[in-house]
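# A structural walkthrough
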Amino acid sequence: MQNTVKAAKPVEISKGSGGSKQQTFDNLVNDVRVLNVEIKILLASQNLVHRPIVAAKVIEEHKMQEETKEQQQQKPAEGNLEEEDEGELKGLAKLPVEQYPLKKIFILKGKRHSILTQITEVNLRPSDAFYKWQRTHKKDENLNLTDPNLGEVTPELAKYHNSRYFLFLKYDEGIKLDRESWYSVTPEIISEYQAKRLSEKYQVVLDGFCGAGGNTIQFAKYFQKVIANDIDSVKSELCDHNCKVYNVRDRVELTTSSFLTLQNPKVDLVYIAPPWGGPEYTSNPNYSLYEGITPAIDEIIKKAFEISENIVLSLPRNINVTEMADIFGDYFEKYNQKPQRMFMEVEQVKVKGKIKLISIYYGNASHVTLPFNQ
Ligand code: MGP
């Protein structure tokens, strides 16, 4: 497939002084000014370089000191500055993901925790081969009464059936889907991009919520091994079958279990594409990960960290990204864990310019390596 990839290139940042790598980091640091935060302070102390949480706190304190200075200088006759300042931060927390600054590294403030964050984007385009395939195969639209999956397609799901080659290019070779899979499977152009990107660093992956196998198939093409898990035995059967259609079944180990009680497998990476709460997820302007995701998002994160600290989540485009700061922060606080890499990349995954989903890459799974990410 021919994809136009606009994601940030990997930024390798060295701890040592001098040399071109150091220069890269200096350039990056100089560029980082969001929420009046000077990330430069990260380098101010060698101690902080190894303790990201402390670093984040110090940056916040630094920011508050700066703000207090500013407030004192511009004190108005009336009005509660603290409230105004709060309001400004709350306003920012409500921003749709596409309105955050791209590529900058900044401190994302949740209600209770903060996390160093970078927003990136990738814009994928279906290949010419895909369009050609679709043109020649669409003629029998709505007439294909022999399609065994049609029984699962109610009128409101017709748009997904119309996009069946977008979901699986080999759809006509016998792909099987149930109702839920129609609206939750990751389209092939996206799952292939994700698998390619992640296989640059990792070889064995757990697809924790494999469903009908959209991601599993692509992981199996690029990884040495995939453990594909789903709580629903019907999905496991679909995944088994669809992996055979793509001729990748030999690299896939299937398990049928709740993700939360799965026996921890030995993997390099945990990939999590959980149920988002049905196809109507976008109709809720206040969509919350805490309410929308099943099982509970904090339980998912806890379990994922038991398995690996390399975690990737596939989430709705209308998430409130600041919730992620709390979700990761609460985990470390609640389970008294020492955070190694309080850094996340939030990737807008677009197809022909429109965001389809958001990928969250935690720590080393992200493209950026800060000095303390070692
Ligand atoms: P969509 O919003 O239903 O489609 O889902 P689209 O084409 O963006 O709708 P439009 O009419 O608004 O343009 C977009 C993609 O999100 C789907 O193709 C799936 O890959 C993914 N997706 C949707 N849902 C409801 C889920 C889900 O519950 N779980 C997971 N993991 N992915 C989902």
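## Quick word on the overall build of the protein chain
On a plain count of helices and strands, the protein chain comes out with 14 helices and 13 strands. Across the 374 residues of the protein chain, 37% fall into the buried class. A sequence separation of at least 24 residues applies to 70% of the contacts in the protein chain between residues at least 6 apart.

## Observations concerning the pairing of strand 5 (residues 114–124)
Most of strand 5 is tucked away, with nine of its 11 residues classed as buried. Relative to strand 5, strand 4 (residues 105–109) is paired through five bridges, and the arrangement is antiparallel. Paired with K109 across the strands is S114, a residue of strand 5. Between strand 4 and strand 5, which pair antiparallel one after the other, the connecting turn spans four residues. For strand 5 and strand 11 (residues 343–351), the ladder comprises nine bridges, and the chain directions are parallel. Across the sheet, residue Q118 finds its bridge partner in strand 11, namely E345.

## Structural notes on the sheet that holds strand 5
One open sheet accounts for nine strands, arranged 4-5-11-12-10-9-6-7-8; its pairing is mixed. Where the open sheet ends on each side, the last strands, each with one partner, are strand 4 and strand 8 (252–256). Direction aside, the axes of adjacent strands within the sheet are offset by 25 degrees on average. Bridge count for strand 7 (residues 225–230) against strand 8 is five bridges, and the pairing is parallel. The residue of strand 8 that forms the bridge with I227 is E253. Together, strand 7 and strand 8 form the strand contacts of helix 11 (residues 233–245), whose direction differs from that of strand 8 by roughly 170 degrees.

## Details of the nonpolar core
Membership of the largest hydrophobic core comes to 81 residues, with the highest contact counts inside it found for V205, L269, V270, I272, V312, M344 and I360. Not counting residues up to four positions away in its chain, the partners in contact with V312 are L198, L269, Y271, I272, S359, I360, Y361 and A365.

## A look at the site of the ligand
Lining the immediate environment of the ligand, one finds 13 residues, of which S184, T186, A273, P275 and W276 sit closest. Taken together, the elements giving at least two residues each to the shell around the ligand come down to helix 8 (179–184) and strand 12 (354–362).

## Section: the packing of helix 10 (residues 214–222) against helix 11
Orientation of helix 10 relative to helix 11, taken along the N-to-C sense of each, is 45 degrees, at an axis distance of 9 Å. Here helix 10 lies oblique to helix 11, going by the angle between them. The hand of the helix 10/helix 11 crossing is right-handed. Touching T216, I217 and A220 of helix 10 are C239, N242 and C243, all from helix 11. For the contact of helix 10 with helix 11, the class distribution of residues is four nonpolar, two polar and no charged.

## With respect to helix 10
Across the nine residues that make up helix 10, a large majority, eight, are buried. When we look at burial in helix 10, the residues that qualify are G214, N215, T216, I217, Q218, F219, A220 and Y222.

## With respect to the packing of helix 13 (residues 297–307) against helix 14 (residues 322–334)
One way to put it is that helix 13 packs onto helix 14 with a least axis distance of 10 Å and a crossing angle of 60 degrees. When the interaxial angle is binned, helix 13 and helix 14 end up oblique. Crossing of helix 13 against helix 14: the hand is right-handed. Contacts between helix 13 and helix 14 involve I297, D298, I301, K302 and F305 from the former and I327, F328, D330 and Y331 from the latter. Tallied by class, residues from the contact of helix 13 with helix 14 come to six nonpolar, no polar and three charged.

## Things to note about the confidence of the model for the protein chain
Interpretation of the predicted coordinates at a detailed level should be avoided for regions scoring low in pLDDT. Residues at a pLDDT of 70 or more form 69% of the protein chain, whose mean pLDDT is 78. Counting interchain partners and residues more than four positions distant, the pLDDT-below-50 stretch residues 1–58 has 89 contacts. Residue range residues 74–92 is modelled with pLDDT below 50. Its contacts to residues more than four positions away, or to other chains, number four contacts.

## A short note on unusual backbone geometry
Cis rather than trans, the peptide bond between T294 and P295 has omega equal to -10 degrees. When you line up the elements, P295 lands in the loop between helix 12 (289–292) and helix 13. A positive phi angle is found at N247, which is not glycine, with a value near 60 degrees. Looking at where N247 falls in the secondary structure, it is placed in the loop between helix 11 and strand 8.

## Remarks on the pairing of strand 6 (residues 204–207)
As defined by bridge partners, strand 6 adjoins strand 7 across four bridges and the pair is classed as parallel. Looking at strand 7, one finds that V205 is bridged to V226. Running through helix 10, the crossover from strand 6 to the neighbouring parallel element strand 7 is right-handed. Bridging between strand 6 and strand 9 (residues 269–272) involves three bridges; their strand directions are parallel.

## Observations concerning the environment of F130
Within the secondary structure layout, F130 lies in helix 5 (residues 128–137). Look at F130 and you get partly exposed, because 17 C-beta atoms sit within 10 Å. When the C-alpha atoms of F130 and L169 are compared, they prove to be 7.3 Å apart, with 39 residues separating the residues in sequence. In this structure F130 touches Y165 and L169, once residues within four positions along its chain are discounted.

Rules used in this analysis
Position numbers for residues start from 1 in each chain and track the written sequence from start to end. In keeping with the model being predicted, local features are shown solely for residues with a pLDDT of at least 70 and side-chain atom pairs are shown and tallied solely at 80 or more, while totals for entire chains, interfaces and linings include all residues. Numbering of helices and strands starts at the N terminus; helices are DSSP runs of H or I of at least 4 residues and strands are runs of E of at least 2. To sort residues by burial, count the other C-beta atoms lying within 10 Å of each one's C-beta; a count of 20 or more means buried, 12 or fewer means exposed, and anything in between means partly exposed. C-beta atoms are built from the backbone. We call two residues in contact whenever the C-beta atoms placed from their backbones are within 7 Å. Being paired, for any two strands, means DSSP has found at least two bridges between them. Here an axis means a line fitted to C-alpha atoms, over the contact stretch when the element is a helix, while the angle between two N-to-C directions is reported on a 0 to 180 degree scale. Think of a nonpolar core as buried Ala, Val, Leu, Ile, Met, Phe, Trp, Tyr and Cys residues, each tied to the set through C-beta atoms within 7 Å. Residues are classed as near a molecule or strand if the C-beta position derived from their backbone is within 6 Å of it. Throughout, the term roughly parallel applies to angles under 35 degrees, roughly antiparallel to angles over 145, roughly perpendicular to angles from 65 to 115, and oblique to all others. Working rule for handedness: look at the near helix, and if it is turned counterclockwise from the far one by less than a right angle, call the crossing left-handed; if clockwise, right-handed. Polar here means any residue outside two lists: the nonpolar Ala, Val, Leu, Ile, Met, Phe, Trp, Tyr, Cys and Pro, and the charged Asp, Glu, Lys and Arg; Gly therefore counts as polar. Note: pLDDT gives the predictor's confidence per residue, expressed from 0 to 100. For a crossover, the right-handed case is the one in which the path from the first strand over the helix to the second runs clockwise, viewed with the strands pointing away from the viewer.

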